[in-house]
There are 2 protein chains.
Amino acid sequence: MPSLRDVAERAQVAVSTVSAALNGTRPVAAATKLRIEQAAAELGYRPNLLARGLQSKRTRILALLFPAPRSGFGLTEMQFATGAAEAAGELGYHLLLSPESADPIEELRHITGLGLVDGVLLMEVRLDDERTEFLSAAGVPFSMIGRTREPGSIDYADIDFAATARDAVAHVAGLGHRTLAFFNLSTDLYADGYGPATRAGEEFAAAARAAGIGYVDGYRPGSAEEGREAFERLLEAHPDVTALAVMDDHAAVGVIAAVAARGWRIPEDLTLMLVLSSARVAEMFNPRLTTLEPPSTELGRLGAQMLIDRLQGDGPPQRHLVPCRLVLGESSAPPRSLS
Amino acid sequence: MPSLRDVAERAQVAVSTVSAALNGTRPVAAATKLRIEQAAAELGYRPNLLARGLQSKRTRILALLFPAPRSGFGLTEMQFATGAAEAAGELGYHLLLSPESADPIEELRHITGLGLVDGVLLMEVRLDDERTEFLSAAGVPFSMIGRTREPGSIDYADIDFAATARDAVAHVAGLGHRTLAFFNLSTDLYADGYGPATRAGEEFAAAARAAGIGYVDGYRPGSAEEGREAFERLLEAHPDVTALAVMDDHAAVGVIAAVAARGWRIPEDLTLMLVLSSARVAEMFNPRLTTLEPPSTELGRLGAQMLIDRLQGDGPPQRHLVPCRLVLGESSAPPRSLS
DNA sequence: ATGAAAGCGCTAACAT
DNA sequence: ATGTTAGCGCTTTCAT
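Residues numbered from 1 in each chain as written. Chains lettered and ligands numbered in written order. Predicted model: local features only at pLDDT ≥ 70, side-chain atom pairs only at ≥ 80, totals over all residues. Heavy atoms only, no water.

An unreviewed UniProt entry lists chain A under the name LacI family transcriptional regulator, with Nonomuraea polychroma as the source organism.

Asks: It is not clear to me how the overall build of chain A should be interpreted in this structure. Could you clarify?
Replies: A tally of helices and strands in chain A yields 14 helices and twelve strands. Against the compact-globule benchmark of 20 Å for 339 residues, chain A has a radius of gyration of 26 Å, which places it well outside the compact range. Each principal axis of the C-alpha atoms in chain A carries an extent, and together these give about 85 × 35 × 30 Å. Looking at chain A as a whole, 55% of its 339 residues are labelled buried. Taking contacts inside chain A between residues at least 6 apart in sequence as the whole, the part at least 24 apart equals 68%. Accessible surface for chain A amounts to roughly 14200 Å². Of this, 49% is attributable to carbon and sulfur atoms. Charge centroids of chain A, computed over 32 positive and 43 negative side chains, lie 7 Å from each other. (Helix = DSSP H or I, 4+ residues; strand = E, 2+ residues; numbered from the N terminus. Rg over C-alpha atoms; globule rule 2.2 N^0.38 Å. Buried < 20%, exposed > 50% of the residue type's maximum accessible area, 1.4 Å probe, protein only. Contact = heavy atoms within 4.5 Å. Areas by Shrake-Rupley, 256 points an atom, 1.4 Å probe, with all protein chains shown as cover. Lys, Arg positive; Asp, Glu negative; His and termini not counted. Charge placed at Lys NZ, Arg CZ, Asp CG, Glu CD.)

Asks: Explain the interface of chain B and chain A here, please?
Replies: For interface size, the figure often reported is the accessible area lost on association. Taken together, the contacts link 47 residues of chain B with 47 residues of chain A. Summing both sides of the interface, chain B and chain A together bury roughly 4200 Å²; the carbon and sulfur share of this comes to 69%. Considering only the surface of chain B that becomes buried against chain A, Arg46, Leu50 and Met284 of chain B emerge as the three largest contributors, covering 17% of it. At the boundary of chain B with chain A, the tally comes to two salt bridges. Glu106 of chain A serves as the salt-bridge partner of Arg46 of chain B, at 3.7 Å between the closest nitrogen and oxygen. Counting across the interface, chain B meets chain A through eight residue pairs in polar contact (both at pLDDT 80 or more). Sorting the residues of the side of chain B that touches chain A by element identifies helix H4 (49-56), strand E1 (61-66), helix H5 (75-90), strand E2 (94-99), helix H6 (104-113), helix H12 (249-261) and helix H13 (279-282) of chain B as the ones contributing at least two each. In terms of residues, the side of chain B that touches chain A owes the most to one element, H5 of chain B, which gives seven residues. Of the residues in the side of chain B that touches chain A, the class split is 26 nonpolar, 13 polar and eight charged. As paired elements, strand E2 (residues 94-99) of chain A and E2 of chain B share three bridges and run antiparallel to each other. Across the sheet, the residue bridging to Leu97 of chain A is Leu95 of chain B, located in E2 of chain B. (Buried area = accessible area lost by both parts, 1.4 Å probe. Salt bridge = Lys/Arg side-chain N within 4 Å of Asp/Glu carboxyl O. Polar contact = N/O pair within 3.5 Å; in protein donor to acceptor, adjacent residues only side chain to side chain. Nonpolar A, V, L, I, M, F, W, Y, C, P; charged D, E, K, R; others polar. Pairing = 2+ DSSP bridges.)

Asks: Just to check I follow, could you spell out a negative patch on the surface for this structure?
Replies: All names here are of chain A. A surface patch of like charges, here negative, comprises Asp188, Asp192, Glu226 and Glu229. Along the chain, Asp192 turns up in the loop between helix H9 (187-191) and helix H10 (195-211). Of the residues examined, Asp192 reaches a relative accessible area of 45% and is grouped as partly exposed. (Patch = residues over 30% accessible without salt bridge, like charges linked within 9 Å, V, L, I, M, F, W, Y side chains within 5 Å.)

Asks: Where do I start with the pattern of salt bridges in this structure?
Replies: All names here are of chain B. Counted under the stated rule, the structure contains 34 salt bridges over all chains. Arg109 serves as the salt-bridge partner of Glu106, at 3.3 Å between the closest nitrogen and oxygen. Residue Glu106 and its partner Arg109 are located together in helix H6, separated by three residues, close to a single helical turn. For Arg336, the salt bridge identified is with Asp269, shortest N-O distance 2.9 Å. Here Arg336 is found in the segment after strand E12 (325-327), whereas its partner Asp269 is found in the loop between H12 and strand E9 (271-275), with 67 residues between them in sequence.

Asks: In this structure, what is going on with the relation of the copies chain B and chain A? I would like to understand it.
Replies: Mapping between the two copies of the chain is achieved by a rotation about an axis and a shift along the axis. Its rotation angle being 180°, the transformation that places chain B on chain A also includes 0.0 Å of axial translation and leaves an RMSD of 0.1 Å. Here the symmetry operator amounts to a two-fold rotation axis. Considering only C-alpha atoms, the residue of chain B closest to the rotation axis is Leu96 of chain B, which sits at 2.2 Å. Both copies contact each other with a shared surface, as 100% of the interface residues of chain B are interface residues in chain A too. (Least-squares fit on C-alpha atoms with pLDDT ≥ 70 in both.)

Asks: Any chance you could explain the sheet that holds E12 of chain B here in plain terms?
Replies: Strands belonging to one sheet form pairs held by backbone hydrogen bonds; the direction of such a pair is parallel or antiparallel. Residues and elements named next belong to chain B. With mixed pairing, six strands are arranged side by side in an open sheet as E7-E6-E8-E9-E10-E12. The outermost strands of the open sheet, each flanked by one partner alone, are strand E7 (214-219) and E12. On average, each strand axis in the sheet is inclined to that of its neighbour by 20°, with strand direction left out of account. Bridge count for strand E10 (residues 290-293) against E12 is three bridges, and the pairing is antiparallel. Residue pairing for E12: Leu292 is matched across the bridge by Leu326. (Axes fitted to C-alpha atoms, helices over the stretch in contact; angles between N-to-C directions.)

Asks: For this particular structure, what's the right way to read the protein's contact with DNA strand D?
Replies: Around DNA strand D, 26 residues are found, and the nearest of them are Ala29, Thr32 and Gln55 of chain A together with Leu4 and Tyr45 of chain B. By atom count, sugar and phosphate contribute 58% of the portion of DNA strand D lying within 4 Å of the protein. Contact between DNA strand D and Thr17 of chain A: a phosphate oxygen at 2.8 Å from a side-chain N or O atom of the residue. Those elements that place two or more of their residues in the surface near DNA strand D are helix H2 (15-23) and helix H4 (49-56) of chain A together with helix H2 (15-23) and H4 of chain B. Among the residues forming the surface near DNA strand D, the class breakdown is ten nonpolar, eleven polar and five charged. (Near = heavy atom within 4 Å.)

Asks: Even after reading the chapter, I still don't get the protein's contact with DNA strand C, so can you show me in this structure?
Replies: Taken together, 26 residues surround DNA strand C, and among them Leu4 and Tyr45 of chain A together with Ala29, Thr32 and Gln55 of chain B come closest. Within 4 Å of the protein, atoms of DNA strand C come from sugar and phosphate in 61% of cases. One nitrogen or oxygen atom from the main chain of Leu4 of chain A is found 2.3 Å from a phosphate oxygen belonging to DNA strand C. Gln55 of chain B is positioned such that a nitrogen or oxygen atom in its side chain is 2.5 Å from a base nitrogen of DNA strand C. Mapped by element, the contributors of at least two residues to the surface near DNA strand C are H2 and H4 of chain A together with H2 and H4 of chain B. Residue composition of the surface near DNA strand C, by class: ten nonpolar, eleven polar and five charged.

Asks: Would you mind showing me how to read unusual backbone geometry here?
Replies: For the bond running from Ile266 of chain A to Pro267 of chain A, omega is 10°, close enough to zero to count as cis. Residue placement: Pro267 of chain A occurs in the loop between helix H12 (249-261) and strand E9 (271-275). Phi at Gln12 of chain B takes a positive value of approximately 60°, unusual for a residue other than glycine. Position of Gln12 of chain B relative to the elements: it lies in the loop between helix H1 (4-11) and H2. A relative accessible area of 66% places Gln12 of chain B in the exposed class. A positive phi angle, near 65°, is found at Lys57 of chain B, a position not held by glycine. Along the polypeptide, Lys57 of chain B turns up in the loop between H4 and E1.

Asks: What should I look at first to understand the side chain of His171 of chain B in this one?
Replies: All names here are of chain B. Its location among the elements puts His171 in helix H8 (residues 161-175). In this structure His171 comes out as buried when scored by relative accessible area, which is 12%. Beyond its immediate stretch of four places on either side in the chain, His171 contacts Met273, Thr290, Leu326, Leu328 and Ser332.

Asks: What is the right way to look at the domain arrangement of chain A in this model?
Replies: Split into domains, chain A comes out as domain 1 (1-56) and domain 2 (161-294 + 325-338). Here the C-alpha centroids of domain 1 of chain A and domain 2 of chain A sit 60 Å apart. (Domains from an automatic or database assignment.)

Below is the structure:
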């Protein structure tokens with residue numbers, strides 16, 4: 001690999017001039033600059049990122065702290081990563097995938113202590129997240145995909161749960177349903193302070209109230225079996241329910257089975273929709289389910305962009321809320337009473 | 001961040017001694033070593049990877065070339081990444097996620113020219129893959145998840161398609177089926193030289209032949225709609241088929257619909273299994289499908305391990321073939337004629 | 001067994 | 001506008 005010196009020799013100038021010409025850090029005569037660029041091109045010169053980073057204290061590498069694959073892990077998480085990696089690449093940065101071990105704080109201490117990364121991207125942020133406190137205290141720039149209860153001045157990109165819930169409610173209300181039921185994520189996740197569980201729950205309730213339709217929640221099935229059970233309990237307690245939004249896609253499997261077991265059909269007897277599941281997952285169901293698809297790639301992109309913005313300058317904290325996209329399946333229809 | 005010099009001062013020794021003590025690169029008196037370690041611990045010293053890399057030409061960073069999300073993209077690809085990242089971490093390495101742009105070769109030239117990575121991990125390797133030629137020519141160490149037609153001396157970890165096909169055939173033959181049909185991946189992927197499409201196809205044929213059961217292939221549905229059609233054509237041409245293995249999970253959705261449309265049931269009238277789909281996907285179906293789950297995390301881990309082995313020493317090329325795991329669903333049963 | 005010093009490739013202050 | 005020079009934090013000869 002040719003170095004700056006090689007380019008300098010070939011262009012008959014000093015190294016610092018080459019550096020300046022290539023980085024635009026100080027004025028260089030047009031003719032000189034041309035010679036330098038030519039020499040660099042001929043040699044196939046590539047700046048050594050390590051040397052540059054050692055000197056400048058900026059590596060242009062971002063770490064994405066990647067949680068250990070939980071049960072309900074999939075596309076969404078991957079899209080955070082690919083979105084962030086893409087956006088980083090476009091802005092001249094690189095993304096390091098840092099799997100989170102048992103001790104996330106130790107992990108962070110490690111990765112930030114190496115001088116390898118300029119900043120950290122956090123995902124799967126919980127309402128109370130010790131990682132944010134550590135990073136703030138350590139003075140490491142970071143941004144969040146998702147958000148804590150009190151993001152303060154931390155940059156974040158999260159799902160716009162309020163808008164998402166409004167869209168969902170408007171969808172079922174528009175079809176003529178008068179009561180919507182909501183199955184939240186599993187009790188485990190909920191108790192763990194997983195943001196989407198809490199926020200989606202609250203916002204669905206609020207949106208239903210605002211729209212003036214009935215609303216039933218309190219169920220948190222985390223598996224097909226639990227989904228089946230929950231649905232049966234639901235109908236027992238609220239036989240008037242005609243529309244159901246489900247967050248856990250395995251629970252949806254159970255709901256569909258329970259619907260069939262009862263001799264009911266979707267969408268004739270029940271409008272069923274997924275919340276925060278990708279369309280790819282929704283179309284694995286039969287019938288194809290309506291879903292509110294999370295903007296995962298976009299959130300990943302925003303996460304990287306915000307962090308890079310922060311690294312390059314400052315400005316007020318960025319707060320992005322992106323709504324899910326309603327993807328219509330074959331599981332939405334007016335309630336039986338109207339048809 | 002404290003540097004080696006800080007540690008040296010505190011321990012009252014020369015920098016080079018600290019380096020030696022911490023890296024074990026030359027003998028250091030036990031007492032001195034202890035003092036140094038203590039000083040390092042007290043200061044919370046972390047070696048600066050950039051400085052180390054600049055000097056030693058080894059960064060302990062691996063790049064994972066991540067293809068642009070295709071249609072059938074999901075868990076599998078993510079597990080390659082997380083598996084590789086985990087294994088790398090355990091071995092003291094880091095994993096850079098490098099999304100592949102339109103021009104993969106340019107991408108590679110870029111990422112390897114920066115002096116940032118010690119080696120490259122390739123995934124989604126096609127039978128003829130220009131990336132391998134580039135890397136070989138450039139002298140960049142790399143390993144493959146998947147493999148080219150002629151891997152030569154390149155380290156790889158791939159699915160053991162022969163064993164996987166044998167297991168699948170044994171499963172259906174063991175249930176009493178006499179004829180197995182096989183739906184390959186979409187024509188696009190197949191034509192593109194995507195390894196699993198070709199290899200799975202060949203090995204299923206061979207395994208069926210070896211087991212002495214009938215075998216039907218030639219179908220490549222890449223969507224639910226195509227799956228439905230393919231199944232109808234299949235039954236028209238081969239009414240004796242009682243078992244079907246499907247590679248594309250969207251196609252499986254169509255098959256299931258077609259089965260239902262005919263008034264048939266699974267598994268009573270058709271044994272249906274997925275090939276190379278994760279159990280998590282298989283259980284989204286109703287009934288839960290039997291699947292041959294790819295060892296994706298394991299392949300990712302192996303990919304990283306092999307590459308690190310190669311970087312640290314040499315030895316004969318490593319070739320790992322890992323079979324899929326048969327995960328039983330509710331879609332497997334003896335053929336009707338036997339029940 | 002330990003220390004002194006050179007240098008990896010780059011940036012940035014300081015000269016000219 | 002350009003050149004000279006001093007490091008960034010580390011590894012690695014070469015001395016001692």
